[in-house]
Amino acid sequence: MTIAMGVDVGGTKIAAGLVDESGHILERTRVETPATDVSQIAEAIGGACRELASCHSVDAIGIGAAGFVDAKRENVVFSANLAWREEPLARRVAEATGVDHVVVENDANAAAWGEFRFGAATNVPSAVVVTIGTGVGGGIILDGELLRGRNGFAAEIGHMSMVPGGLRCGCGERGCWEQYASGRALVRVAREAAEKAPVAAEKMLDLAGGKIENITGPIVTQAAQAGDEMALDCFNEVACWIGQGLADLSTLLDPDMFVLAGGVSEAGELLREPVERCFNDKLSARSLRTPSPIVTATLGNDAGLIGAADLARR
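All of the points below concern the structure found in this document. Predicted model only: the values in this text are computed from it and were never measured.

### A look at the pattern of salt bridges
If you walk through the whole model with that rule in mind, you get 15 salt bridges. Arg73 is paired through a salt bridge with Glu105; the nearest N and O atoms lie 2.8 Å apart. Highlighted residues: Arg73 in the loop between strand 5 (68-69) and strand 6 (76-78) and Glu105 in strand 8 (residues 101-106), separated in sequence by 32 residues. For Asp310, the salt bridge goes to Arg313, with nearest N and O atoms at 3.4 Å.

Rendered as structure tokens:
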């Protein structure tokens, strides 16, 4: 049995695991992401990998990185949420671990591959996986192949321009989709709503210790699951932005399936149902087509880790 190591590097955490050929995680570890220091990020990845390698022999490491990864799958050219700029991540991690075969892939691409190989999209030839977390990422599978594009930057769907002159994004542009459809967007919407109507936001504020700045995504989710109307309104607002983006992607790609992945998707039907409703409302030529089903990822936050390991094994 071949064991590969998968690493999922996000804006706040680094998750690493040993993954077998069937996509099962045998051992795992997790550390915080030192997001502003590239050398510390590489060392944190290396430390997590060395910890796992002490238990098993590993010949390949796959890294799902939140950023633009070059066509060679070696360097992170740019990241909106981390300090990477022309970062030779594969080389740094190889030096830190002693493992020669290190493959870097965009984290959303890795998650999409994980869901295609072992998760919600295993029975379809084409799928668009949308990861909704700190930002919004995407991965596109067409005819069983991961779409990477000429430069390796394909499917950076979180940076599609949705609102001309809109909110400033970490990528430097304005109005990107992830500014309206991400976990950060959910928190921003909830805090703004609480500031304008603190009485209506009583449930969220109670969970946040009475402080608007303490409202987080999990708090909004908890309040919405308890039936709080303001929290539900916040979810619906973000869900409609997601549905609008999926409708645009459907016009372009017409995939067999959309998969909602990432931390925010763990809200389940609380997110999926209003996304589907808004998607159907915005879908062009609705009467002429069968809409692509929208499902929730089955691998959860493990999708990127599992997908990265499988890509490295290949």
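### Points about helix 2 (residues 89-97)
Every buried residue of helix 2 is listed here: Leu89, Ala90, Val93 and Ala94. Mapping the buried residues of helix 2 onto a view down its axis gives an arc of 130°, with all of them on the same face. Buried residues belonging to helix 2 abut helix 1 (38-53), strand 4 (60-65), strand 6, strand 7 (85-87) and strand 8. Gly98 lies just past helix 2 and shows a positive phi near 80°.

### What to know about the sheet that holds strand 1 (residues 4-9)
Consider a sheet: its strands pair through backbone hydrogen bonds, and that pairing is either parallel or antiparallel. In spatial order, the strands read 3-2-1-4-8; together these five strands make up an open sheet with mixed pairing. Every other strand in the sheet has two partners, leaving strand 3 (25-32) and strand 8 as the edge strands with one partner each. Going across the sheet, the axis of each strand differs from the next one's by a mean of 15°, ignoring polarity. Taken together, the six bridges between strand 1 and strand 2 (residues 13-19) define a ladder with antiparallel strand orientation.

### Considering the packing of helix 1 against helix 2
Taken N-terminus to C-terminus, the directions of helix 1 and helix 2 make an angle of 45°; their axes are 9 Å apart at the nearest point. By the angle between their axes, helix 1 is oblique relative to helix 2. Where helix 1 crosses over helix 2, the handedness of that crossing is right-handed. Across the interface between the two elements, Ser39, Ala42, Ile45, Gly46, Cys49 and Arg50 from helix 1 touch Leu89, Arg92, Val93, Ala96 and Thr97 from helix 2. Along the lines of polarity and charge, the residues of the contact of helix 1 with helix 2 split into six nonpolar, three polar and two charged.

Cut-offs used in this document
Each residue is numbered by its place in its chain's sequence as written, counting from 1. In keeping with the model being predicted, local features are shown solely for residues with a pLDDT of at least 70 and side-chain atom pairs are shown and tallied solely at 80 or more, while totals for entire chains, interfaces and linings include all residues. Remark: hydrogens and water are excluded; side-chain values derive from all non-hydrogen atoms of the structure. When a carboxyl oxygen of Asp or Glu is within 4 Å of a side-chain nitrogen of Lys or Arg, the pair counts as a salt bridge. Secondary structure counts use DSSP, requiring at least four H or I residues in a row for a helix and at least two E residues in a row for a strand, with both numbered from the N terminus. Summary of the burial criterion: residues with accessible area below 20% of their type's maximum are buried, those above 50% are exposed, and those between are partly exposed, where the area comes from a 1.4 Å probe applied to protein chains only. The directions considered for the arc run from the helix axis to the C-beta atoms. By the convention used here, residues are in contact when the closest approach between their heavy atoms is within 4.5 Å. Only when DSSP finds a minimum of two bridges between them are two strands counted as paired. Under this scheme, a helix contributes an axis fitted over its contacting stretch, all axes are lines through C-alpha atoms, and angles between N-to-C directions fall in the 0 to 180 degree range. For classification, angles of less than 35 degrees are called roughly parallel, those exceeding 145 degrees roughly antiparallel, those between 65 and 115 degrees roughly perpendicular, and all remaining angles oblique. Two helices that cross are described as forming a left-handed crossing if the nearer one is turned anticlockwise from the farther one by less than a right angle, and a right-handed crossing if clockwise. In this count, Pro and Cys sit with the nonpolar residues alongside Ala, Val, Leu, Ile, Met, Phe, Trp and Tyr, while Asp, Glu, Lys and Arg are called charged and the others, Gly among them, polar.

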